[in-house]
Amino acid sequence: MATGSGNGSGGSSSGTASTNHHHNNHHLSIDMPEHRKRNTFTSYVAPLPGDLRLNEWSLPSDQRDVHLAKPRLLLGEQIVASAPAYMYSPIDPMESATSSSNLLHKEAIFGLLSVTNFKLAFVPLQMARQAAPNSSASAAPLSDLYQENTYLGRNEITLNNIDQIYTVAELGRAASALQAARMTSSRRKKLEPFKQQTINGRIAALHIVCKNFRLLKFAFQQQDSKLSGASDYGKLIASALNRFAYPTRHDLSFAYAHREAYYYSSLGVSGVSMYQTKNDWARELIRCGASEWQVVSSANVPLLQNPLQAGKYTVPPHFVIPKCCSIERYLDLSRAFCDSRAAFWVYSYGSSGAASLVRLAELQPAAQQDTKVENIMLELVRKCDERKQLKLLQLTDRLPSIQDVQRAYQKLRRLCTPETPEKFMLQDDKYLGLLEKTNWLFYVSLCLRFSSEAAATLRSSITCVLQESNGRDLCCVISSLTQLQLDPYFRSIDGFQSLIQKEWIALEHPFQRRLGHVYPLSAGANDQFHDSEQSPVFLLFLDCVWQLLQQFPDEFEFTQTYLTTLWDSCFMPIFDTFQFDNHAQRARAAKDGQLVLRPVWDWSEQFSDKDKMFFSNPLYQRQRASDMGSSGGTGGNPSGLRRSLAVGHKHAASSAVTSTPSRYTINPQLFATQSTVPQDRFLMPAHRIFDLAVWDQCYYRWLPVLDIRGGGQPQIDLFHRLLLSNIAKVQRCLDLQNFDELPDAYYEAIGEAKPKRSPIAATEEAVADQEPIEYVDGVERRRKSMPPPPSTPANGLHTAVNGQLQLSSLSSFFPFGNPIAGDAPHQLYDILSSSNELLLETSSILDKSSIV
Amino acid sequence: MDPSLSLADKLASKTASSNSLDSSSKSSSGGGIENGVLRDTPFAYLDGEEDQDQKNDVTYVCPYRGPVFGALTITNYRLYFRSLPLRDQELPVVVDVPLGVIARVEKIGGATSRGENSYGIEIFCKDMRNLRFAHKQQNHSRRTVFEKLQANAFPLSYSGRLFAFAHAAARATGAAGATAAGGWDGWAVYEPLAELRRLGVPNDMWRATKLNESYGICDSYPAVWAVPKAASDDFLRRVAQFRSRCRLPVLSWMNPRTQATITRCSQPLVGVSGKRNADDETYLSYIMEANAQSDKLTIMDARPSANAIANKAKGGGYESEDAYKNVEINFLDIHNIHVMRESLRKVKEACYPTTDDSKWQTAIDSTLWLKHIRCVLAGAVRIVDKVETMSTSVVVHCSDGWDRTAQLTALSMLLLDPHYRTVRGFEVLIEKEWLSFGHKFQQRIGHGDNKHSDADRSPVFLQFIDSVWQVSQQFSNAFEFNEHFLITIVDHLYSCRFGTFLCNTEAERVAEDLKHKTTSLWTHINSSLDQYLNPLFPSFTHGAELVLRPIASVRAVRLWKGLYCRWNPGLCALQHGCQRTRELLSKQDQLFKHVNELRLKSNNRSNNMQTTTRLASPMH
């Protein structure tokens, strides 16, 4: 909540009921000086043609306060359009479509829909009114139960997240806006960016399809034209979105307007290797025991510093090449390859770094007749291999193109964003067939298959070279997956983040083009150009990782929630991590555009401790005694992994044995040492489509019809957290030799009623009986009532009602999905924090075997 | 009672359950390949199991490993094949199939057949696999194998008896007999009156009656019914006349809190002329009035409405909302037994022996199996919504009320009442809704009968078990039992080793005296419960939700690979198991035990010092 709406949104306080007409203009005049430098930006904020006035008197009396429902603004954020609107859930619960019981049908929410230069925000008017109904005792903070983002509310999305906008034309006089929101395809029209479309008739509703699989539906109340004139709220919002959601240059993005400073906080402490320095690469070489390779920094290469020459090469600031090859020779060879990407080392495996993983681009189209250069390059790589062996894995022939991935993604998203219950059922009837036609799982299967092949190659001590046209797309996927399978370090949170920094950021996956952050306004068929560049290669990778997580649930420190959040974070322009195509672009933005660089890995910027807890997997095992599942190997590796500190930062890094050398010390002598990567903890995932599943949390979470209340993975995770929490509590009792605070499970296990506490506590207890809330360490905790042993009903139906530990009713998309009311948050928070203690502990008591 | 002892007991049982899944039982071991069996006795003979034939020169044409040469044994219970490994380290290929599983035996090839392994026997199984054995023509070994298989797999077609009788007889005469199995008799798991008492019957509105004790009113109904108190015995007799096969509406389940009920019956005999029956109409109003919470009654007709209408031509039909006051009728669109049989046949085609990974999803889609499962789940969820959310009583029927009706009532009861999600409760549920209310297991499975293309066969019960599995996948900690428990039930649905699934009706079972002449499957299961328990079902949270509402969408329903694809060793779905869960559980219990010891010590010390005060007092 650091970015309060204080000084940034001075305008919001000025908007009183009657002056709402001037609201936005007022805003602009205030903020104008700040943006003078980037005049291109302000040009967009010219007064819009449509009438901004909210004619509140035309609204029903209970909706006239709608102007009060203003979104919270960040520093540098400003409202460009606002309109009263109804928000609909993506599709109504199935019941209302099939059964006659319309009593369950939830009405749409009324509120104010605003477009800012950062987000599309809907603030319900009922927020204040909702507090009233039947929630007597439980003023439970529902917010505890879903992920909260510092920058975004629940009904807000960044403009960056918007992929497609559909307009639904007005149906005719008789139809209400509510009906229009449920309108089917016939009147649904895609709003093409930049095309000055003539929208015939009023826009009754907008459907907004997001890159993160969310579908937002808004309907606009038609107004009696006699009273309000021709204010078409739909058109107002649509044209604002059309102008702001598709920036033609990156410096039009909100990130440049958001000037809040960023202070390297916990990130400095955490163990993420950013691969922004030569040392980061050197340490990785040491860790892998790779002695035949050298780090090159562009800044130290005269040729690359020569302004006349530098333009010929597009190499990253730091990269690793064979030792047996001089940089001059390397650069000379690299000119034959696309994007100058000739043989970058990324990883070595084997006790002495025997075999290496290398990324290579294809020869430039013009040079393809002559493969001599390629052969020379491969020969240089082969010399680095201990046994002089090498396998070339050509990805272009084996894997989908980025256009294939994009098509698959769009088809998949169509399956996940049905706009009506009828569409949902229609898809459901032949769901698996449609799913197969998307090819998405087929591509996931291919990625897993070829990364397994690469991993197997390295395991048999043969160097593996991954080759792809420019070496910056599916190379990243296969290379990262290979390392995840081989190296347990990358399965920790720190390790995974380091892996993404290494494979995706440092080696320059073109995020800006692939994620569609910018819609270049080139002449002519810009749509096609744009489409051919956009492709969620990164999501394909995350999906593969999710599949691995399903197959090896105790091998990863992170959860699916972490992966889903990572995808969401791609559309947060405030963080630079996923915003650029290459390092040069980022450096320019920071220098010329005054962009504040803010790594996404500093999760505290976006989330509170509570939400970060959901990133850590309660099943994760720091080390495993023996092989399990399909990972082979013999015996345990006592030099376990250090727990990452990215999640929660209560515990300082311990001095325990680490497999990653410290960030700050480099001892050149270490170059001769052996790899510290354990050789017996590789994974061998199944990769057939038969073995794969659909990533329901990420893709279905916006569909409440698919939410299994009280079921799914979150319930299992919670159960394990409960176990961990019990263990932690008992351990604490043992440590203190004080058995007053034993967990309830203990009393149930021994079949003993939980004792009344000591006389002093008894009085408190009497109070607690009436108001079962107490405050422990400043945290409000709800103490559950006594277990009900006396009159257990014969049918067992009442037990849980009587106040047994009832941790039910989490959403199966938790911490996404819809929150639920009840007593759960308190218990949940308690369990989360005590289990997390154990998860983050460096010397976990779970490893002590001599307790009894 | 010494608390430390009770704790030790509980902990012991928990630790034992921790390892249960590792020792997979014979019936469900994937691929049929086993290791570590002694050479002289290839398998453990069951009580009453006797050799019928043995051939040492048979080739099993394994669809995965290719032909393997070995010995074939046929007993009165099973077919057992074991290959002779060519090299020492090689694991032998073992096929161990209860004869009850066999649907059909065919000879392949004739005396003139040429080509390797073209002469022999092909066996089609009810559990989704086919087996092929090749014989050498010159040995004349095929004839006796074929004859012995026919005689022992289809005893009812060859005037023999099912193995369950020989098995129980041998057990009874064997040492200590039935009491050896832990002294627990599975036949006693379901006591109709006790179960009704659990639901709160008798009460002001409902009574239990033994009107049908001799099965005189309805021969496919149980002896004990619960009916509205307002209906007299004579009245019940008259109502029965208006229902197909006299299966009048009787109570399946009642919500003890709201008194909303689920009753089941068969279709009314409306016919093309639209006959009415005042007694039947009054009877349904009694059912409605027995629930004070609602002035409506919902009828769930499991069939597609077109089928329900078509049934009028055969004298059946459905309740018209005009004739029945305050009644609303819904059609749940579940298809008949023939459609389900065809659908499962296609599943087998897609799963066995091999699958095409690139066409896998389309192949499963086109079986429509998941769609059918979705319909069953959706129907059950609608019943749950009526009963739980609207507190309205529901009457469920299809045509005869013993197939789709059983699926719907049993499944909705499972969703509504956590008791049915425990091992014992689930056994009760099957005994009550399936066995006592006359699901025709004999006809639907065709025990010991060689009429493999009998149109009465259908996987209705299997579909129910599949639906239960789907719910257990969506709510992994709501069930006391695990997947292995369900697979074991399916295996013994066919095996004919136990009496549980024999015969069609309770009347037949009583006439056959199954309770005394066969063993119950529940005796077998409950005597080694540990391997069937779900570690995620925690004693201390009482399984999360009280009422489950699974998602009935093909997006959320999955093909049960662990059942349908288990014979293909390459397709065995990945089992990551619950090892970590067990580790944590045992860690927790270890700590609890430790704490308990310490507390006892300090208690004793303080007791010694001042015997009057006791801290935490244990249960007496």
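The shown structure was predicted, so the numbers you read here are calculated from the model rather than taken from an experiment.

Peer 1: Please give an account of the overall build of chain A that cites residues and values.
Peer 2: Per the secondary structure count, chain A includes 32 helices and 16 strands. Taken across its 852 residues, chain A has 50% of its residues classed as buried. Taking contacts inside chain A between residues at least 6 apart in sequence as the whole, the part at least 24 apart equals 76%.

Peer 1: Go over the nonpolar core with me, naming the residues and quoting the values.
Peer 2: Counting residues in each nonpolar core, the largest one holds 386 residues, and the members touching the most others are Ile237, Leu241, Cys447, Val477, Ile478, Leu540 and Cys544 of chain A. Ignoring any residue separated from it by four or fewer positions in sequence, one finds Val477 of chain A in contact with Cys447, Val537, Leu540, Phe541 and Cys544 of chain A.

Peer 1: Outline unusual backbone geometry, supporting the account with residue identities and numerical values.
Peer 2: Residue and element names in this part refer to chain B. The omega angle of the peptide bond from Val201 to Pro202 is 5°, so this bond is cis rather than trans. Turning to its location among the elements, Pro202 is positioned in the loop between α4 (192-199) and β8 (206-209). Here the residue pair Tyr352 and Pro353 is connected by a cis peptide bond, since its omega of -5° sits within 30 degrees of zero. Along the chain, Pro353 turns up in the loop between α8 (337-351) and α9 (360-367). Non-glycine residue Arg245 carries a positive phi angle of around 50°. Residue position: Arg245 is located in the loop between α5 (233-241) and β10 (250-254). At Cys246, a residue that is not glycine, the phi angle is positive and equals roughly 60°.

Peer 1: Summarise the UniProt feature "active site" (unreviewed entry) in chain B; cite the residues concerned and give the values.
Peer 2: Residues and elements named next belong to chain B. Within the UniProt annotation, "active site" (unreviewed entry) is assigned to Cys398. Tracing the sequence through the fold places Cys398 in the loop between β14 (393-397) and α11 (404-416). Aside from chain neighbours lying at most four places away, what touches Cys398 is Asp301, Ala302, Arg303, Asp403, Arg404 and Thr405.

Peer 1: Kindly report on the sheet that holds strand β7 (residues 203-210) of chain A, identifying the contributing residues and their values.
Peer 2: Residue and element names in this part refer to chain A. In spatial order, the strands read β4-β3-β2-β1-β8-β7-β5-β6; together these 8 strands make up an open sheet with antiparallel pairing. Two strands in the sheet have a free side with no partner beyond their single neighbour: β4 (156-158) and β6 (188-191). Neighbour to neighbour, the strand axes of the sheet diverge by 30° on average, direction disregarded. Where strand β2 (residues 109-116) meets strand β3 (residues 119-124), 5 bridges bridge the pair, whose relative direction is antiparallel. Across the sheet, Gly111 pairs through a bridge with Pro124, a residue of β3. This element, helix α8 (residues 233-244), spans β1 (79-88), β2, β3, β5 (162-169), β6 and β7 of the sheet and lies at about 120° to β1.

Peer 1: Give a detailed account of the confidence of the model for chain B, specifying residues and quantitative values.
Peer 2: Residues and elements named next belong to chain B. Chain-level statistics for chain B give a pLDDT mean of 87 and a share of 88% at 70 or above. Low pLDDT (under 50) marks residues 176-181, which in the prediction has 8 contacts with non-local residues, meaning those over four places away or in another chain. In the predicted structure, residues 612-620 sits below a pLDDT of 50 and forms 12 contacts with residues beyond four places in sequence or in another chain. Complex prediction metrics read pTM 0.86 and ipTM 0.90.

Peer 1: Give me the confidence of the model for chain A: which residues, what numbers.
Peer 2: Residue and element names in this part refer to chain A. Of all residues in chain A, 66% have pLDDT values of 70 or greater, and the mean over the chain is 75. Low confidence marks residues 128-143, where pLDDT is under 50. Its contacts with residues over four positions away, or in another chain, come to 12 contacts. Every residue in residues 757-805 is under pLDDT 50, and counting partners more than four places away or in other chains gives 55 contacts.

Peer 1: Can you tell me about helix α14 (residues 460-474) of chain B, naming the residues and giving the values?
Peer 2: In this model α14 of chain B runs 21 Å from its N-terminal to its C-terminal C-alpha over 15 residues, within 8% of the 21 Å that 1.5 Å per residue would give. Within α14 of chain B, 13 of the 15 residues are buried, which leaves it mostly tucked inside the rest of the structure.

Peer 1: I'd love a proper account of helix α10 (residues 278-288) of chain A, names of residues and values included.
Peer 2: Residue and element names in this part refer to chain A. Extensive coverage of α10 is indicated by the burial of 9 of its 11 residues. Considered for burial, the residues of α10 that qualify are Asp280, Trp281, Ala282, Arg283, Glu284, Leu285, Ile286, Arg287 and Cys288. On its buried face, α10 sits against β9 (293-297), β10 (318-322) and β11 (344-349). Of the residues flanking the end of α10, it is Gly289, one or two places downstream, whose phi is positive at about 70°.

Peer 1: How would you summarise the environment of Ala245 of chain A if you had to cite specific residues and measurements?
Peer 2: Residue and element names in this part refer to chain A. The residue Ala245 is located in the loop between α8 and α9 (254-257) in this model. Overall, Ala245 belongs to the buried group, with 22 C-beta atoms counted inside 10 Å. Spatially, the C-alpha atom of Ala245 lies 17 Å from that of Leu73, the residues being 172 residues apart in sequence. Each residue touching Ala245, except ones within four places of it in the same chain, is listed here: Leu159 and Ile162.

Peer 1: Lay out the packing of helix α20 (residues 474-486) of chain A against helix α21 (residues 493-506) of chain A in plain terms, naming residues and giving numbers.
Peer 2: All names here are of chain A. Running from amino to carboxyl end, α20 crosses α21 at an angle of 150°, the nearest separation of the two axes being 9 Å. In terms of orientation, α20 and α21 fall into the roughly antiparallel class. Crossing handedness for the pair α20 and α21: right-handed. Mapping the contact onto sequence places Cys476, Ser479, Ser480 and Gln483 in α20 and Leu499, Glu503 and Trp504 in α21. For the contact of α20 with α21, a count of residues per class yields 3 nonpolar, 3 polar and 1 charged.

Peer 1: Mind laying out the pairing of β14 of chain B, listing which residues take part and the relevant values?
Peer 2: Every other side chain in a regular strand lies on the same face of the sheet, so the side chains alternate between the two faces. Residues and elements named next belong to chain B. Of all 5 residues in β14, 5 are buried; the element is thus mostly enclosed. Side chains Ser393, Val395 and His397 project from β14 onto one buried face, and the interleaved Val394 and Val396 project onto a second face that is buried too. Pairing analysis gives 4 bridges linking strand β11 (residues 261-265) to β14, with the strands arranged parallel. Of the residues in β14, the one forming a bridge with Arg264 is Val396. Where strand β12 (residues 297-301) and β14 come together, 5 bridges link them in parallel fashion. Considered in β14, the bridge of Met300 is made with Val396.

Peer 1: Tell me about the sheet that holds β11 of chain A, and name the residues and values.
Peer 2: Residues and elements named next belong to chain A. If you walk across this open sheet you meet the 4 strands as β11-β12-β14-β13, and the pairing is mixed. Since the sheet does not close on itself, it has two edges, and those belong to β11 and β13 (390-394), each with one partner. When the angles between neighbouring strand axes are averaged without regard to direction, this sheet yields 20°. Two strands pair when backbone bridges link them, and strand β12 (residues 355-361) and strand β14 (residues 463-468) are joined in this way by 5 bridges, in the parallel orientation. In the sheet register, Leu357 faces β14, and the bridge partner there is Cys464.

Rules of the game
- Residues numbered from 1 in each chain as written.
- Chains lettered and ligands numbered in written order.
- Predicted model: local features only at pLDDT ≥ 70, side-chain atom pairs only at ≥ 80, totals over all residues.
- Helix = DSSP H or I, 4+ residues; strand = E, 2+ residues; numbered from the N terminus.
- Buried ≥ 20, exposed ≤ 12 C-beta atoms within 10 Å, placed from the backbone.
- Contact = placed C-beta atoms within 7 Å.
- Core = buried A, V, L, I, M, F, W, Y, C linked by C-beta atoms within 7 Å.
- UniProt positions renumbered as here; feature names shortened; annotations may be inferred.
- Pairing = 2+ DSSP bridges.
- Axes fitted to C-alpha atoms, helices over the stretch in contact; angles between N-to-C directions.
- pLDDT = per-residue confidence, 0-100.
- Expected span 1.5 Å × (residues − 1).
- Parallel < 35°, antiparallel > 145°, perpendicular 65-115°, else oblique.
- Left-handed = near helix turned anticlockwise from the far one by under 90°.
- Nonpolar A, V, L, I, M, F, W, Y, C, P; charged D, E, K, R; others polar.

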